[in-house]
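If you want the building blocks of each chain, they are given just below.
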Amino acid sequence: MSPTWPVVGLAIVSDDDCIADETGSTPASLRNDADWQRFQAELDACAVTVLGRLGHVAHGNARNRLRIVVSSSSPGLERRPDGWWWNPAAMPWPQAIARVLPDGGRVAVPGGQGVFDLFLTLGYAEFHLTRARSVRVPRGRTLFSGIGPGRTAEDLLAAAALVPGDPVAVDATAGVTMVPWVRPG
Ligand SMILES: NC(=O)c1ccc[n+]([C@@H]2O[C@H](COP(=O)([O-])OP(=O)(O)OC[C@H]3O[C@@H](n4cnc5c(N)ncnc54)[C@H](OP(=O)(O)O)[C@@H]3O)[C@@H](O)[C@H]2O)c1
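Here's a quick rundown of the structure.

### What about the overall build of the protein chain?
Part 1 of the reasoning: Along the backbone of the protein chain there are five helices and 12 strands.
Part 2 of the reasoning: Its C-alpha atoms give the protein chain a radius of gyration of 16 Å, near enough to 16 Å, the size a compact globule of 185 residues would have.
Part 3 of the reasoning: Seen through its principal axes, the protein chain has C-alpha atoms that stretch 40 × 40 × 30 Å.
Part 4 of the reasoning: With 185 residues in all, the protein chain has 46% of them scored as buried.
Part 5 of the reasoning: Across the protein chain, contacts joining residues at least 24 apart in sequence account for 61% of those joining residues at least 6 apart.
Part 6 of the reasoning: On the protein chain, roughly 9,300 Å² of surface is accessible, and the fraction owed to carbon and sulfur atoms is 54%.
Part 7 of the reasoning: Each charge class in the protein chain can be summarised by its mean position, and for the 17 positive and 18 negative side chains these summaries are 5 Å apart.

### Brief notes about the site of the ligand
Part 1 of the reasoning: The local shell around the ligand holds 24 residues, among which Gly 24, Arg 53, Gly 55, Ser 71 and Ser 72 are the closest.
Part 2 of the reasoning: Thr 26 places a side-chain nitrogen or oxygen 2.7 Å from an oxygen atom of the ligand.
Part 3 of the reasoning: In the model, an oxygen atom of the ligand is placed 2.5 Å from a nitrogen or oxygen of the Ser 72 side chain.
Part 4 of the reasoning: Protein contact buries 79% of the 920 Å² of open area that the ligand shows by itself.
Part 5 of the reasoning: Elements represented by at least two residues in the shell around the ligand include exactly strand S1 (7-13), strand S2 (18-20), helix H2 (53-58), strand S7 (107-111) and helix H4 (113-122).
Part 6 of the reasoning: For the shell around the ligand, the per-class residue count stands at 10 nonpolar, 12 polar and two charged.

### Describing the environment of Ile 12
Part 1 of the reasoning: Residue position: Ile 12 is located in strand S1.
Part 2 of the reasoning: Residues Ile 12 and Pro 110 lie 98 residues apart in sequence; the distance between their C-alpha atoms is 9.5 Å.
Part 3 of the reasoning: Here Ile 12 is in contact with Cys 18, Ile 19, Leu 30, Asp 35, Thr 130, Ala 132 and Val 176, once residues within four sequence places are set aside.

### What about helix H1 (residues 33-44)?
Part 1 of the reasoning: A rise of 1.5 Å per residue sets the reference length of H1, with its 12 residues, at 16 Å; its end C-alpha atoms lie 16 Å apart and thus fit the reference within 8%.
Part 2 of the reasoning: The complete set of buried residues in H1 reads Asp 35, Arg 38, Phe 39, Gln 40, Glu 42 and Leu 43.
Part 3 of the reasoning: Buried residues in H1 make contact with S1, strand S3 (48-52), S7, strand S8 (126-132), strand S11 (168-171) and strand S12 (176-182).
Part 4 of the reasoning: Where H1 begins, one side-chain oxygen reaches toward the backbone nitrogen of Ala 34, 3.0 Å away; that side chain belongs to Asn 32.

Conventions and cut-offs
Residues numbered from 1 in each chain as written. Predicted model: local features only at pLDDT ≥ 70, side-chain atom pairs only at ≥ 80, totals over all residues. Heavy atoms only, no water. Helix = DSSP H or I, 4+ residues; strand = E, 2+ residues; numbered from the N terminus. Rg over C-alpha atoms; globule rule 2.2 N^0.38 Å. Buried < 20%, exposed > 50% of the residue type's maximum accessible area, 1.4 Å probe, protein only. Contact = heavy atoms within 4.5 Å. Areas by Shrake-Rupley, 256 points an atom, 1.4 Å probe, with all protein chains shown as cover. Lys, Arg positive; Asp, Glu negative; His and termini not counted. Charge placed at Lys NZ, Arg CZ, Asp CG, Glu CD. Near = heavy atom within 4 Å. Polar contact = N/O pair within 3.5 Å; in protein donor to acceptor, adjacent residues only side chain to side chain. Nonpolar A, V, L, I, M, F, W, Y, C, P; charged D, E, K, R; others polar. Expected span 1.5 Å × (residues − 1).

Printed below as a string of structure tokens:
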């Protein structure tokens, strides 16, 4: 059987679809312990984590997971001491992931926005969209760049041919809920 690389997007967003504040930092209001545990377990279930350079630099890799760092500074795909560095403009995704995981494997995508946008085009198998209810992040950084008046995260996931599954209560007291969006078939 040919190897496959199902891509799973993972994000927690505010009511106004933001992943970070205007400075690029994740506000405390978007941090939730139960979601963090669930997020870490999903990363553990994946063979590689693909993330933007800023997120890579900001979040140390204490568990020494295999990472692909997305950056325009890479000539294509190269192995550095801290992981694989990949430039999507210089090497297509199928070629890059086949080199990193030749036997296939599940791929976690925890963002940020540029990386979430990239895989909206390349294709998610799943997107775990967690919402922290009653949280707003004025002037914040949205999950996808295409989010705006009249265009929500859910609109863009649906336009990318994903369908929502049943909501999962991550932390009922805090109003944190995750909806798994899945590509049919
Ligand atoms: N709430 C959430 O679920 C969530 C999820 C993700 C991130 N965050 C938060 O958001 C912040 C970081 O996110 P961010 O969006 O500011 O930055 P980021 O995605 O971590 O990093 C941005 C960098 O990634 C590279 N990059 C991204 N897309 C690229 C593309 N298509 N081609 C080439 N390079 C690309 C570029 O690096 P070069 O400049 O080297 O080219 C860009 O400067 C952090 O605070 C993080 O904690 C929150």
